[in-house]
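Coordinates in review
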Amino acid sequence: MVKLTRIYTRGGDKGKTSLGNGQRVAKHDLRVAAYGTVDEANAAIGVVRLHTKGDADKMLARIQNDMFDLGADLCRPETPAPKGPVLRIIESQVVRLEREIDRMNAKLAPLNSFILPGGSAGAAHLHLARTIVRRAERDMTLLAGKENINPVAIKYINRLSDHLFVLARVLNGNGKRDVLWEPGATRDES
């Protein structure tokens with residue numbers, strides 16, 4: 001368990017931060033950007049939870065915990081002989097997301113158009129969280145092009161955006177309140 005006795009350390013006052021292995025890097029380092037965007041996505045999911053209850057809230061609570069696992073995974077560079085245990089995203093976390101997606105999607109009508117973010121408050125906030133998750137995925141794949149990272153972490157973040165999309169449809173009355181895109185519908189309006 002983590003124990004924090006001091007919130008500020010002054011260690012980052014010169015634009016550097018410590019990774020999980022103690023290595024000091026610039027605060028704009030690709031790795032820091034990746035786990036920072038994961039943290040931002042987690043905060044957005046916290047806002048969504050103000051609008052959820054029951055099964056949806058339980059899924060999001062698990063996801064928020066996973067997001068901290070993902071941040072821990074990303075902040076600890078892969079090394080051949082790490083000192084101490086290293087927390088990594090594992091395949092069962094991806095599989096759980098897939099099972100939840102399949103279970104939710106089975107109750108939804110197929111889509112005939114793209115969906116605009118909106119409908120209910122919870123769904124609108126989920127769409128915002130989903131776009132932040134997609135940015136986290138872009139940050140992570142950029143990092144993966146330069147350094148080794150856990151490939152299961154990339155699978156997890158990719159599946160998570162799908163999960164949030166499907167859950168948004170569930171929160172929109174199982175798709176009944178989805179706001180559908182109508183291509184070109186507003187071009188001739190004055």
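Here, the structure is the one placed above.
This write-up is about the structure you can find in this document. Throughout, residues of each chain are indexed from 1 in the direction in which the sequence is written. The predicted nature of this model means local features are confined to residues of pLDDT at least 70 and side-chain atom pairs, given and counted, to a pLDDT of 80 or more, with totals for whole chains, interfaces and linings taken over all residues. For the side-chain quantities, the full set of heavy atoms in the structure was used; hydrogens and water were omitted.

1. So, the side chain of Arg 31
Under the convention used in this document: Only runs of H or I of at least four residues qualify as helices and only runs of E of at least two qualify as strands under DSSP, and these elements are numbered from the N terminus. Exposure is judged per residue with a 1.4 Å probe applied to protein chains only, and the accessible area is read against the type maximum: over 50% gives exposed, under 20% gives buried, and values in between give partly exposed. Contacts: residue pairs with any heavy atoms within 4.5 Å of one another.
Its place among the elements puts Arg 31 in helix 1 (residues 30-48). For Arg 31, a relative accessible area of 2% gives the class buried. The contact partners of Arg 31, leaving out residues within four places of it in the chain, are Leu 19, Leu 74, Cys 75, Arg 76, Pro 77, Leu 143, Glu 147, Asn 148 and Ile 149.

2. Overview of the packing of helix 2 (residues 54-74) against helix 3 (residues 91-105)
Filter applied, for reference: Here, axes are lines fitted to C-alpha atoms. For helices the fit covers the stretch in contact, and angles between N-to-C directions go from 0 to 180 degrees. Throughout, the term roughly parallel applies to angles under 35 degrees, roughly antiparallel to angles over 145, roughly perpendicular to angles from 65 to 115, and oblique to all others. Handedness of a crossing is defined here by the sense of rotation of the near helix relative to the far one, left-handed for an anticlockwise turn of less than a right angle and right-handed for a clockwise turn. Charged means Asp, Glu, Lys or Arg here, nonpolar means Ala, Val, Leu, Ile, Met, Phe, Trp, Tyr, Cys or Pro, and polar covers whatever is left, Gly included.
One way to put it is that helix 2 packs onto helix 3 with a least axis distance of 12 Å and a crossing angle of 155 degrees. In terms of their interaxial angle, helix 2 and helix 3 are classed as roughly antiparallel. Helix 3 is crossed by helix 2, and the crossing has left-handed handedness. Residue-level contacts link Asp 55, Met 59, Arg 62, Ile 63, Asp 66 and Asp 69 of helix 2 to Gln 93, Arg 96, Leu 97, Glu 100, Arg 103 and Met 104 of helix 3. Here the contact of helix 2 with helix 3 is built from residues that sort into four nonpolar, one polar and seven charged.

3. A closer look at helix 3
For clarity, the cut-off: Helix span, expected: 1.5 Å multiplied by one less than the number of residues in the helix. Working definition: the arc comes from the directions between the helix axis and the C-beta atoms, pointing outward to the latter.
Taking 1.5 Å of rise per residue, the 15 residues of helix 3 would be expected to cover 21 Å, and the 21 Å separating its terminal C-alpha atoms lies within 8% of that figure. For helix 3, every residue scored as buried is listed here: Gln 93, Val 94, Arg 96, Leu 97, Glu 100, Ile 101 and Met 104. Buried positions in helix 3, seen along its axis, are confined to an arc of 155 degrees and lie on one side of it. Turned more than 90 degrees away from the buried face of helix 3 sit Arg 99 and Asp 102, all of them exposed. Where helix 3 is buried, its residues contact helix 2 and helix 5 (151-171).

4. A few points about helix 1
Worth spelling out the cut-off: A 3.5 Å cut-off defines polar contacts: any pair of N or O atoms within that distance qualifies, except that in protein one atom must be a possible hydrogen donor and the other a possible acceptor, and neighbouring residues in sequence count only when both atoms are side-chain atoms.
Taking 1.5 Å per residue as the helical rise, helix 1 with its 19 residues ought to reach 27 Å, and the 27 Å between its terminal C-alpha atoms agrees with that figure. Next to the buried residues of helix 1 lie strand 1 (16-18), strand 2 (24-26), helix 2, helix 4 (121-144) and helix 5. Here helix 1 starts with a cap whose side-chain oxygen sits 2.9 Å from the backbone nitrogen of Arg 31, and that cap is Asp 29.

5. A word on a nonpolar patch on the surface
Applicable threshold: Candidate patch residues must exceed 30% relative accessible area and have no salt bridge, after which like charges are joined if within 9 Å and Val, Leu, Ile, Met, Phe, Trp or Tyr side chains if within 5 Å. Values of accessible area rely on a 1.4 Å probe in the Shrake-Rupley scheme; residue burial ignores everything except the protein chains shown. Any Lys or Arg side-chain nitrogen located within 4 Å of an Asp or Glu carboxyl oxygen qualifies as a salt bridge.
A surface patch of nonpolar side chains, amounting to about 390 Å² of accessible area, comprises Phe 114, Leu 116, Val 179 and Trp 181. Among the secondary structure elements, Leu 116 is positioned in strand 3 (residues 115-116).

6. Examining the packing of aromatic side chains
Quick reminder of the rule: For Phe, Tyr and Trp, where Trp contributes only its six-membered ring, two rings pair if their centres lie within 6.5 Å, and the inter-plane angle classes them as stacked under 30 degrees, edge-to-face over 60, or tilted in between.
Considering all chains together, one arrives at one aromatic pair under this definition. Judged by centre distance (5.8 Å) and plane angle (45 degrees), the rings of Phe 114 and Trp 181 are tilted. Of the two residues, Phe 114 is situated in the loop between helix 3 and strand 3 and Trp 181 in the segment after strand 4 (179-180); the sequence distance between them amounts to 67 residues. According to the relative accessible area criterion, Trp 181 is partly exposed, its value standing at 39%.

7. Here we look at the environment of Asn 112
Topologically, Asn 112 is positioned in the loop between helix 3 and strand 3. On the accessibility criterion, Asn 112 (79% relative accessible area) is exposed. C-alpha separation for the pair Asn 112 and Leu 180, spaced 68 residues apart in sequence, amounts to 8.6 Å.

8. Observations concerning the side chain of Glu 100
With respect to the helices and strands, the residue Glu 100 is situated in helix 3. Residue Glu 100 is classed as buried on the basis of its relative accessible area, which comes to 4%. Residues contacting Glu 100, with those up to four places away along its chain left out, are Met 59, Arg 62 and His 163.

9. Looking at the packing of helix 3 against helix 5
The geometry of helix 3 relative to helix 5 is characterised by a closest axis approach of 9 Å and an angle of 20 degrees between their N-to-C directions. In terms of axis orientation, helix 3 runs roughly parallel to helix 5. Handedness of the helix 3/helix 5 crossing: left-handed. Where helix 3 approaches helix 5, its residues Glu 91, Gln 93, Val 94, Arg 96, Leu 97, Glu 98, Glu 100, Ile 101, Met 104 and Asn 105 are matched on the opposing element by Val 152, Lys 155, Tyr 156, Arg 159, Leu 160, Asp 162, His 163, Val 166, Leu 167 and Val 170. Taken together, the residues of the contact of helix 3 with helix 5 sort by class into ten nonpolar, three polar and seven charged.

By themselves, these figures tell us nothing about what the structure is for.
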